[in-house]
Amino acid sequence: MNTPIPITSRDNPLLKRLRVLAHDTTAYRKQGQVWLEGDHLCRALLARGRRPEMAVFTEVFWQQAPHDLRDAADKIVTIPAPLMASISALESPAGVGFVWNLPTGAGLLPGEPAVVLDRLQDAGNVGSILRSAAAFGFRQVLALKGTAALWSPKVLRAGMGAHFALHLVEGLSVADLAGLAVPLVGTSSHQGDWLHQAQLPWPCAWVLGHEGQGVSPELSSLAGRSVRIAQPGGEESLNVAAAAAICLHASAVSCAVAAG
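Just so we're clear, the structure is a prediction, and the values are computed from it rather than from any experiment. (Residues numbered from 1 in each chain as written. Predicted model: local features only at pLDDT ≥ 70, side-chain atom pairs only at ≥ 80, totals over all residues. Heavy atoms only, no water.)

S.K.: What exactly am I supposed to notice about the nonpolar core here?
M.R.: Nonpolar side chains in soluble globular proteins generally cluster together in the buried interior. Core analysis: the biggest nonpolar cluster contains 57 residues, and Leu117, Trp151 and Trp206 have the highest contact counts within it. If you tally residues by element for this core, the top one is helix H10 (residues 240-259), at seven residues. Grouped together as the second largest cluster of nonpolar side chains are 17 residues, Leu144, Leu177, Val215 and Leu219 included. (Core = buried A, V, L, I, M, F, W, Y, C linked by side-chain atoms within 4.5 Å. Buried < 20%, exposed > 50% of the residue type's maximum accessible area, 1.4 Å probe, protein only. Helix = DSSP H or I, 4+ residues; strand = E, 2+ residues; numbered from the N terminus.)

S.K.: Just checking my understanding: could you explain unusual backbone geometry for this structure?
M.R.: Trans is the common state for peptide bonds, and a negative phi is the common state for residues other than glycine. Each neighbour pair has its own omega, and for Trp202 with Pro203 the value is -5°, a cis peptide bond. Structurally, Pro203 can be placed in the loop between strand E10 (193-194) and strand E11 (205-209). Although it is not a glycine, Met160 adopts a positive phi angle of roughly 55°. Mapped onto the elements, Met160 comes out in the loop between helix H8 (153-159) and strand E8 (167-172).

S.K.: It is not clear to me how the packing of aromatic side chains should be interpreted in this structure. Could you clarify?
M.R.: How two aromatic rings sit relative to each other is set out by the distance from centre to centre and by the angle between their planes. In this structure the tally under the stated criterion is six aromatic pairs. Ring centres of Phe57 and Phe61 lie 6.2 Å apart, and the angle between their planes is 20°; on these two criteria the pair is classed as stacked. Classification of Phe57 by relative accessible area gives buried; the value is 0%. Arranged with centres 5.0 Å apart and planes meeting at 65°, the rings of Phe57 and Trp62 form a pair that is edge-to-face. (Phe/Tyr/Trp six-rings, centres within 6.5 Å; stacked < 30°, edge-to-face > 60°.)

S.K.: Teacher, can you tell me more about helix H1 (residues 13-23) here?
M.R.: One full turn of an α-helix is made of 3.6 residues, so residues set three or four places apart face in the same direction. Burial in H1 covers these residues: Leu14, Leu15, Leu18, Arg19, Leu21 and Ala22. Relative to the axis of H1, the buried residues are bounded by an arc of 165° and lie together on one face. The opening residue of H1, the one whose side-chain oxygen lies 2.8 Å from the backbone nitrogen of Leu14, is Asn12. (Arc of directions from axis to C-beta. Polar contact = N/O pair within 3.5 Å; in protein donor to acceptor, adjacent residues only side chain to side chain.)

S.K.: I'm lost on the pattern of salt bridges in this one. Help?
M.R.: One side chain can pair with another of opposite charge once the charged atoms of both are near each other. Summed over all chains, the structure comprises seven salt bridges. Arg225 is the partner of Asp193 in a salt bridge, and the nearest nitrogen-oxygen pair spans 2.9 Å. Here Asp193 is found in strand E10, whereas its partner Arg225 is found in strand E12 (residues 225-228), with 32 residues between them in sequence. Each of the salt bridges in this network shares a partner with another, and the network as a whole consists of Asp39, Arg43 and Asp68. (Salt bridge = Lys/Arg side-chain N within 4 Å of Asp/Glu carboxyl O.)

S.K.: Even after reading the chapter, I still don't get the sheet that holds strand E6 (residues 114-118), so can you show me in this structure?
M.R.: Two orientations exist for strands paired in a sheet by backbone hydrogen bonds: parallel and antiparallel. With parallel pairing, the seven strands of this open sheet are ordered in space as E8-E7-E6-E11-E9-E12-E10. A strand with exactly one partner marks an edge of an open sheet, and here the two such strands are E8 and E10. In the sheet, E10 pairs with E12 via two bridges, with the strands oriented parallel. Bridge assignment links Asp193 to a residue of E12, and that residue is Val227. Relative to E6, helix H7 (residues 123-135) is tilted by about 170°, and along the sheet it contacts E6, strand E7 (140-144), E8 and E11. (Pairing = 2+ DSSP bridges. Contact = heavy atoms within 4.5 Å. Axes fitted to C-alpha atoms, helices over the stretch in contact; angles between N-to-C directions.)

S.K.: Whenever I open this one, helix H3 (residues 39-47) confuses me. Can you help?
M.R.: Buried within H3 are the following residues: Leu41, Cys42, Ala44 and Leu45. Along the long axis of H3, the arc covered by the buried residues comes to 160°, so they all point the same way. In this fold, the buried residues of H3 make contact with strand E2 (33-37), helix H5 (67-70), strand E5 (96-101) and H8. Trailing H3 by a residue or two, Gly49 shows a phi angle of about 75°, which is positive.

S.K.: What exactly am I supposed to notice about the pairing of E11 here?
M.R.: Note on strand geometry: in a regular strand, side chains alternate between the two faces of the sheet. Summarising burial for E11: five of the five residues are buried, a large majority. Judged by which residues are buried, E11 turns out to be covered on both faces: Ala205, Val207 and Gly209 on one side and Trp206 and Leu208 on the other are all buried. Relative to E11, strand E9 (residues 184-187) runs parallel, the two being bridged by three bridges. Across the sheet, residue Val185 finds its bridge partner in E11, namely Trp206.

S.K.: What is the right way to look at the environment of Leu184 in this model?
M.R.: Mapping Leu184 onto the fold places it in strand E9. Measuring from C-alpha to C-alpha, the distance between Leu184 and Ala198 comes to 14 Å, with 14 residues separating the pair along the chain. Setting aside residues no more than four positions away along its own chain, Leu184 makes contact with Leu177, Ala205, Val207, Leu219, Leu222, Ala223, Gly224 and Arg225.

S.K.: Please clarify how the side chain of Gln140 should be interpreted in this entry.
M.R.: Structurally, Gln140 is set in strand E7. A distance of 3.3 Å separates the side chain of Gln140 from the backbone oxygen of Glu112, its partner in a polar contact.

S.K.: Please explain the sheet that holds strand E1 (residues 5-6) as it appears in this structure.
M.R.: Pairing is mixed across the open sheet formed by five strands, whose spatial order is E1-E4-E3-E5-E2. Sheet topology places E1 and E2 at the edges, where each strand pairs with a single neighbour. Summarising the sheet, strand E3 (residues 54-58) and E5 pair through four bridges and their orientation is antiparallel. Of the residues in E5, the one forming a bridge with Val56 is Gly97. Contacts from H1 reach E2, E3, strand E4 (75-79) and E5 within the one sheet, and its direction differs from that of E2 by about 85°. The strands touched by H3 within the sheet are E2 and E5, with E5 carrying the most contacts at an inclination of about 40°.

No statement about biological role is implied by the geometric values presented.
Below, the structure written as structure tokens:
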């Protein structure tokens, strides 16, 4: 186990950088790193066999931290609890956080099941969709330009660790999707086949559109088919994250049935 480096100054350059990562939506793009705060996110990273660049503990939590967290990184820093609170974006600051270097050079994976996000704005929706994608066996999530930043602090928290199970690519154009080499299935609240009656291809790429505007006409024209979810209760539409969970689960069940 490495000896921790104590930091006690609020003006320490590392702490200033962590504050930016914890609060700035797109700071990760410049720094190439993300700040993972709290036991759940940190353990989710470790569970996927990833190793953080650095672990930051409060002085108190360091004394009682379990060995898997204490041994997680080569570089360890301890700080007073008030300094962790000055970094934290949580109502109740955690006792530990990791700094993790993001993967580089990510491109879409041809032939792999995917979820395509078309200008989704809400970080909670995006994070929830990532969780569903990971749970239902989708390998990659592809975000078109205009979608909420996939590695932003709010999306990371909403994703609850799903990020580390997925291949994530953002900033794509509609033209970039030509390299997917799997059928695109569009979603709609008012047209297309009923999901519960549809024969779903596998692998495929589900296309989920903007919360208010839906899937763009350009992207809809590329999708080989469109599906809608039966809503006997009569609501106008479902939240996009709820719709995504239903559609991705249907794909997973269809795949399992086909596999016997």
